[in-house]
Each structure stands twice: as C-alpha cells, then as structure tokens.
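# Structure assessment
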Amino acid sequence: MAEPVEWLPDGTPRSPRFQDIYRSSTGGLAQARHVFLHGCGLPHAWAGQPQWRILETGFGLGMNFLAAWRAWKDDPRRPRMLHFASVEAWPAGAADLLRSAAAHPELAPLAGALAAQWVGLVPGVHRLVFEDGRVLLTLLVADVQDALREPAFLADSVFLDGFDPERNPDMWRRHTLKAVARHCRVGTTLASWTVAGEVRRGLAECGFQVARSDGLPPKRQCLRATFEPAWELKRPAAATATPAGRCIVVGAGLAGAAAAASLARRGWDVTVVDEATAPAAGASALPAGLLAPHQSSDDGLLARLSRSGVRITLQQATSMLRAGEDWQPGGVLEHRIAGAPRLPPHDAGAWRVWTRAADAAQKAAAGLDPGAAATWHELAAWITPAALVRAWLAQPGVAWCGQTAVRELQPHGDGWRLIGSDGEVLADAGLVVLAAAHRTAALLPGALPLQPVRGQVSWGFQGASVQLPPFPVNGNGHFIPGVPVGRGTAWLCGSTYDRADADVEPRMQDHAANLGKLRLLLPLVADRLAPAFANGTVGAWTGVRCASADRRPYVGEVQPGLWVSTAMGSRGLTFAALCGELLAARLHGEPLPLEPRLAAALDTARSLRPRMVGQPEAVGLPPSQHQG
C-alpha cells in the first residue's frame with residue numbers, strides 16, 4: 001500500500017509514521033526554491049553543462065523534484081540532461097503527490113506526468129522518464145543507507161532532506177552523511193533545511209565546508225555546504241563522464257537501435273550500420289512479441305531485472321508508438337502450467353500492479369477452468385519490435401546506413417576503425433557499440449560465449465467464427481490473439497528455442513511443437529485453431545536470436561571505446577531499452593537505471609575472456625579465417 005499522508009486543516013501534509021510534517025506552512029514550492037535550488041546555486045550553476053546530477057535523500061511528496069524540473073524547463077541555458085536521483089523508503093500515493101502540487105498551477109502538468117508513471121513502486125530502483133528522455137528521475141525505494149551503499153555516480157548537487165532528526169535520526173547519522181559524501185565530487189554543493197549542530201559537525205567531518213544562511217520563515221536559518229575535503233579522493237573510473245562525440249553502432253535490431261537512441265539523447269552523433277537493406281531485418285522482424293515481467297516467489301534476479309526493463313520499454317512505447325497498430329498495452333495473463341502461481345513476496349499494494357492472482361473473469365475469457373493456476377500482469381503488452389526499432393532510429397542525432405557488412409575491427413588512434421568484406425575502410429569513430437546479435441561473436445572472436453538460438457512462430461489470420469481471448473497469454477510458450485499484419489489481423493503462437501541453430505527455413509515439426517505448447521497453454525484455443533494447422537494455412541516466421549550461457553544480456557566495455565549490447569535472447573523487448581540506458585549511464589557517469597548489483601549481473605565482465613583485456617590486436621577476424 002502507498003504510504004498514508006494526513007492533511008491538516010491548513011493544507012499541511014503530515015506523516016503518521018514519523019509524526020512530522022512534510023513541509024512548513026509557507027508552502028513546499030517556496031521551500032524547494034529557497035532552501036534547495038538556491039542553496040545549491042541553481043539554476044545558475046548548471047548553465048551550459050551537458051548534464052546535471054542531483055542527489056536527494058528524501059523524495060517525500062516530490063516538491064523538490066518538481067521545482068527542479070520546472071526550473072530546468074524555464075532555463076534557456078539548461079543542461080542537456082537533468083538527472084534527479086532520490087531515495088524514498090516509503091513512497092506516498094500518486095493522489096497525494098497531485099494534492100501536494102495542486103496549489104501551484106505551474107507544477108500541474110509536471111505533477112500529472114509524474115503521477116502517470118507513479119505505479120508499481122516496489123523496493124528497488126525505478127527509472128521514470130520525462131521530456132523525451134532528457135529529464136530522468138531515478139527513484140531508489142529503499143532505506144537511505146542501503147540505497148547509497150554503492151556510489152554508482154557522483155552528484156553535482158545534493159538535497160539533504162528528510163523528516164526532523166529527532167523523528168527520523170537514521171536519515172542524519174554519520175553513516176548516512178558518509179554515504180552522501182561518497183557520491184560527491186570536489187565542488188559538489190549541498191543544501192538542507194536543518195542547521196542542527198550534529199548534522200553540521202557530521203558534514204564537516206565528511207569533508208564539507210558548512211555555512212548557515214537565511215532561512216525561509218518560520219525557520220530563521222538553513223544550511224549550505226560545499227564538498228571540499230582536505231584529503232585526496234579516490235573515485236572509481238565509472239564515476240567519470242565520457243564526452244559525447246561520434247559513435248558507430250553495428251546492428252540495427254532492438255539492441256542496436258535502443259543503444260543509438262540513448263546515446264543520441266546525450267548528444268552523440270550516432271550512425272547505425274547493418275548488412276541488411278532495412279532495419280530490424282533479423283530477430284527483430286518478429287511480427288509481435290510479448291512484454292511482461294518475469295515472476296518468482298523469491299523475487300530473484302531475473303524478476304527484478306525484468307521489472308526494470310519492462311518499465312523502461314513501456315515508457316518508450318507509450319511516447320513513440322501507436323496503440324492498436326504498433327503495440328497494445330492492457331495486460332497479459334500467465335497460465336502456470338506446472339502448478340500454483342509463483343506470486344511475488346507480497347500479493348498486495350504496489351506488487352499487485354506487477355503480478356497478482358488472475359480473477360475468475362480473466363480465466364474464463366481465456367477459456368481456462370476456474371481452478372487453473374494463473375496470474376495477471378497489468379504492466380504488460382504486445383509490441384511490434386520493428387516499429388520500436390524504427391522509432392528509435394528516427395530520433396534526432398541517429399543516422400541509419402544499410403548494406404554495410406562489417407568484417408573486422410581495428411584500433412585506430414583513440415578509437416576504432418570498421419573494415420568491410422573487401423578490406424575497405426567503412427568508417428571510424430571514438431566509440432563503437434556492437435549490437436549485431438550472434439554476429440557479434442565474429443567481430444570478437446573468443447571474447448564472449450555467444451550462441452545463435454533459432455525460433456519459429458506459428459501464425460494465422462483471425463477468422464470471424466473462431467473465438468479467441470481478448471488479451472495475450474504466456475506460460476509454456478505464448479499466444480497473442482490480434483496483431484495487424486498486412487491485409488488483416490493475425491494471431492501468433494510459439495515459439496521454439498533451438499540453441500546453436502541458425503537455420504531460418506520453416507519446419508513442419510516446429511508447427512507441431514507450437515500447437516503442442518498451445519494445447520497445454522490454452523486447450524480450447526488449440527482445439528479451435530487445430531484445423532488451420534492441419535490444412536496447412538498456418539504461416540511460419542523464423543528468426544535467429546543471440547543468447548549467453550546464463551540467458552542474461554551482455555552490456556559493457558570490451559576495450560576502451562569498444563562496447564557491446566547483445567545476447568538479448570528471447571527477451572529483446574524487455575532488455576534492449578534497459579541495456580541502452582545502462583550503457584549510456586556508465587559512459588556518462590550517471591545514476592544507473594537499476595541497482596548496482598543487478599547492473600553487474602548484465603556486465604560483460606562476468607564472462608569476458610582475460611586475453612581480450614589490453615590486447616586490441618586480438619579484436620577482429622584475420623582475413624585467412626574469414627568465411628564470406
């Protein structure tokens with residue numbers, strides 16, 4: 001459930017948990033501007049910068065975020081990207097966020113956009129996207145000390161906020177202040193409403209130069225500080241930002257197009273090359289695929305990764321695609337063939353938005369028995385991958401170049417050179433991203449254990465006399481009831497998953513396998529569609545995906561200036577946008593779009609062969625080994 005908020009007669013919001021008010025009676029917007037924005041020298045400090053990163057220790061009702069976003073919109077010299085990373089262990093509900101901002105008309109459209117994405121806030125990291133991806137809110141739903149344990153980025157400004165130190169002392173302890181300091185660079189500014197002596201002394205011990213300033217009535221003073229430690233700092237390389245420049249992405253499927261769009265939003269000049277004549281010619285040419293979170297009773301690694309990916313892809317689809325033509329949100333039913341539903345730890349509150357037990361009406365609509373084991377994913381959809389690819393490639397700063405086959409990579413100056421099939425130089429750039437699915441292995445021989453995975457989907461046009469479920473169903477395979485295809489509307493089912501197989505010729509035995517899966521998944525639907533399988537009117541789509549041994553994607557650096565985003569397997573719609581944002585965040589020293597340990601689970605470092613590190617000459621096939 002959302003954290004309850006009490007509203008006092010004068011409109012002041014109060015927390016029953018901490019027995020304290022969220023803001024003073026003078027109003028949240030005035031406090032946000034005077035104490036936090038002006039206390040950190042904003043908006044003047046961010047003028048002309050490529051990005052600005054704000055760390056906040058207590059999101060509360062979001063007033064500081066909305067004020068910063070409003071200031072960014074109103075500033076003609078605003079940074080290209082505004083990152084706002086905020087910790088909140090107890091998120092309030094969307095209705096309270098809207099009520100908090102209601103007294104300020106200039107915040108109304110921003111609060112409405114925030115409330116629209118304010119769903120499914122279970123523990124973990126949630127990336128909310130605004131202004132076409134140029135304002136990013138990274139919400140860390142966790143205890144502040146846990147959230148800041150691993151410094152994944154350095155902040156330019158810190159909003160030290162939270163309930164009164166006497167009401168919520170953990171928010172202000174030395175351990176918390178040290179964690180904040182680990183997220184600071186020399187010169188990072190910090191502001192807070194409290195001037196408590198213990199807080200001032202703690203900040204000073206952590207390397208801040210602290211001063212008191214005029215407060216906003218009824219408070220006489222507020223706190224301003226600058227991180228200027230007397231000792232030498234040791235910061236991880238991941239915290240530094242790579243300047244935007246020229247980038248070449250090899251591969252025009254979901255992974256490549258997503259990476260290109262993420263980099264272009266950050267100012268990169270990106271060219272996407274592919275040997276095909278059109279984008280999305282490989283596995284991304286699938287007529288439609290399902291986007292739905294994985295679920296497990298222990299909320300394990302894949303479940304957490306999939307939620308992060310689904311949220312980001314849904315945001316992209318909502319802003320770029322045409323509902324009913326390119327995609328259709330509205331939920332997916334999962335039929336648990338093997339038995340009882342594997343519900344998340346708490347089938348209540350924010351968890352229910354992701355996964356809950358399917359009700360009797362949903363089971364009946366799918367033709368399942370009332371006792372069938374089934375769950376419902378509300379944040380789910382079917383999507384046409386090629387439409388998403390085209391939308392990403394149409395972003396400003398992205399150029400597409402087809403019929404360009406890359407045979408080899410060569411280090412060149414501070415970057416990389418792409419060599420074609422006849423040994424000709426195709427292009428060079430300071431940054432190259434390989435996203436060519438299983439063909440990536442040929443460009444990185446022996447570097448990563450990649451393998452092709454063949455898949456065949458069976459499909460047919462809807463018939464007026466055949467009743468189908470009104471929503472997609474997954475479980476043992478999947479079924480999508482209605483996708484616009486050419487001259488009509490088609491259903492799709494499957495898919496097969498054949499490792500180490502790159503043959504794309506249709507196979508009759510795969511149609512039989514798909515029908516067999518459908519009989520288990522949706523017995524009544526299988527009976528209705530069996531004649532189409534029998535009379536040969538069912539069509540086949542085949543494609544070759546790329547997978548890793550642990551079935552998780554690879555995203556990360558192989559050599560300086562050479563990165564990969566690949567091995568999406570059968571979850572390209574779930575992981576492509578997430579991996580593109582993760583790649584861009586690492587390059588730019590930004591807040592990560594997911595927890596650091598989850599990011600590590602996708603890193604190339606988990607499998608990268610040691611001989612590749614520090615040996616650029618090992619990258620690329622020698623001509624004598626090349627097979628055309």
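Residues numbered from 1 in each chain as written. Predicted model: local features only at pLDDT ≥ 70, side-chain atom pairs only at ≥ 80, totals over all residues. Heavy atoms only, no water.

### Digging into the overall build of the protein
A count of helical and extended segments in the protein gives 17 helices and 32 strands. The C-alpha atoms of the protein give a radius of gyration of 26 Å, which matches the 25 Å a tight globule of 628 residues would have. Over its C-alpha atoms, taken along the principal directions, the protein stretches across nearly 85 × 65 × 40 Å. When burial is assessed residue by residue, the protein has 58% of its 628 residues classed as buried. (Helix = DSSP H or I, 4+ residues; strand = E, 2+ residues; numbered from the N terminus. Rg over C-alpha atoms; globule rule 2.2 N^0.38 Å. Buried < 20%, exposed > 50% of the residue type's maximum accessible area, 1.4 Å probe, protein only.)

### Here we look at the sheet that holds strand β24 (residues 431-434)
Reading across from one edge, β20-β13-β12-β24-β32-β31 is the order of the six strands in this open sheet, with mixed pairing throughout. If you trace the sheet from one side to the other, it starts and ends with β20 (398-401) and β31 (554-559), each paired once. For this sheet the average axis-to-axis angle between neighbouring strands, irrespective of direction, equals 20°. When strand β12 (residues 246-250) meets strand β13 (residues 269-273), the two strands line up parallel, connected through five bridges. Across the sheet, Val-249 pairs through a bridge with Val-272, a residue of β13. (Pairing = 2+ DSSP bridges. Axes fitted to C-alpha atoms, helices over the stretch in contact; angles between N-to-C directions.)

### Some thoughts on the pattern of salt bridges
Scanning the entire structure with this criterion turns up 32 salt bridges. Close ionic contact of Asp-299 with Arg-304 constitutes a salt bridge, the shortest N to O distance being 3.2 Å. You'll find Asp-299 and Arg-304 in the same group, each marked buried. Residue Glu-334 pairs with Arg-336 through a salt bridge whose shortest N-O separation is 2.1 Å. The same class applies to Glu-334 and to Arg-336, which are both buried. (Salt bridge = Lys/Arg side-chain N within 4 Å of Asp/Glu carboxyl O.)

### Considering the sheet that holds strand β21 (residues 406-412)
With antiparallel pairing, the three strands of this open sheet are ordered in space as β21-β22-β23. In this open sheet, the two edge strands, each paired with only one partner strand, are β21 and β23 (425-429). Across the sheet, the axes of successive neighbouring strands diverge by a mean angle of 20°, strand direction being ignored. Where β21 and strand β22 (residues 415-420) come together, six bridges link them in antiparallel fashion. Across the sheet, the residue bridging to Gln-410 is Arg-417, located in β22.

### Examining the state of the cysteines
Applying the stated criterion across every chain yields a total of zero disulfides. Just so you know, Cys-222 is unpaired, no disulfide at all, and the nearest cysteine sulfur is the one on Cys-40, 10 Å from it. Of all cysteine sulfurs, the one in Cys-579 lies closest to Cys-546, which takes part in no disulfide; the gap is 12 Å. Since its relative accessible area comes to 4%, Cys-546 is described here as buried. (Disulfide = S-S within 2.5 Å.)

### Section: the packing of helix α3 (residues 94-101) against helix α4 (residues 108-117)
Running from N to C, α3 and α4 point in directions that differ by 175°, and their axes come no closer than 9 Å. In terms of orientation, α3 lies roughly antiparallel with respect to α4. Across from Ala-94, Leu-97, Leu-98 and Ala-101 in α3, the residues of α4 making contact are Ala-111, Gly-112, Leu-114 and Ala-115. Residues belonging to the contact of α3 with α4 are distributed by class as follows: seven nonpolar, one polar and no charged. (Parallel < 35°, antiparallel > 145°, perpendicular 65-115°, else oblique. Contact = heavy atoms within 4.5 Å. Nonpolar A, V, L, I, M, F, W, Y, C, P; charged D, E, K, R; others polar.)

### Brief notes about unusual backbone geometry
The step from Leu-42 to Pro-43 runs through a cis peptide bond, and the omega angle for that step is 15°. Here the bond from Pro-217 into Pro-218 is cis, since omega is 10°, no more than 30 degrees from zero. Of note, Pro-218 is situated in the loop between β10 (208-214) and β11 (221-227). Backbone geometry at Asp-132 places phi at a positive 55°, although glycine is not the residue there. If you trace the backbone, Asp-132 turns up in the loop between β6 (124-130) and β7 (135-141). Since its relative accessible area comes to 70%, Asp-132 is described here as exposed. Even without being a glycine, Asp-299 presents a positive backbone phi close to 50°.

### Some words on the packing of helix α8 (residues 254-265) against helix α16 (residues 572-588)
Two elements in contact, α8 and α16, have axes separated by 8 Å at closest approach and are oriented at 35°. The hand of the α8/α16 crossing is right-handed. Contacts between α8 and α16 involve Leu-254, Ala-255, Ala-258, Ala-259, Ser-262, Leu-263 and Arg-265 from the former and Gly-572, Leu-573, Ala-576, Ala-577, Gly-580, Glu-581, Leu-583, Ala-584 and Leu-587 from the latter. When the residues that make up the contact of α8 with α16 are grouped by side-chain class, the tally is eleven nonpolar, three polar and two charged. (Left-handed = near helix turned anticlockwise from the far one by under 90°.)

### Examining the confidence of the model for the protein
Looking at the protein as a whole, the pLDDT averages 92, with 94% of positions reaching at least 70. Counting contacts from residues 616-628, a segment whose pLDDT is below 50, to residues more than four positions away or on other chains yields 24 contacts. (pLDDT = per-residue confidence, 0-100.)

### Some remarks on the environment of Val-135
Structurally, the position occupied by Val-135 is in strand β7. With relative accessibility at 0%, the residue Val-135 sits in the buried group. Linking Val-135 and Trp-52, residues 83 residues apart in sequence, is a C-alpha distance of 9.9 Å. Discounting chain neighbours no more than four positions away, the residues touching Val-135 are Phe-65, Trp-69, Trp-72, Leu-82, Leu-128, Val-129 and Phe-130.

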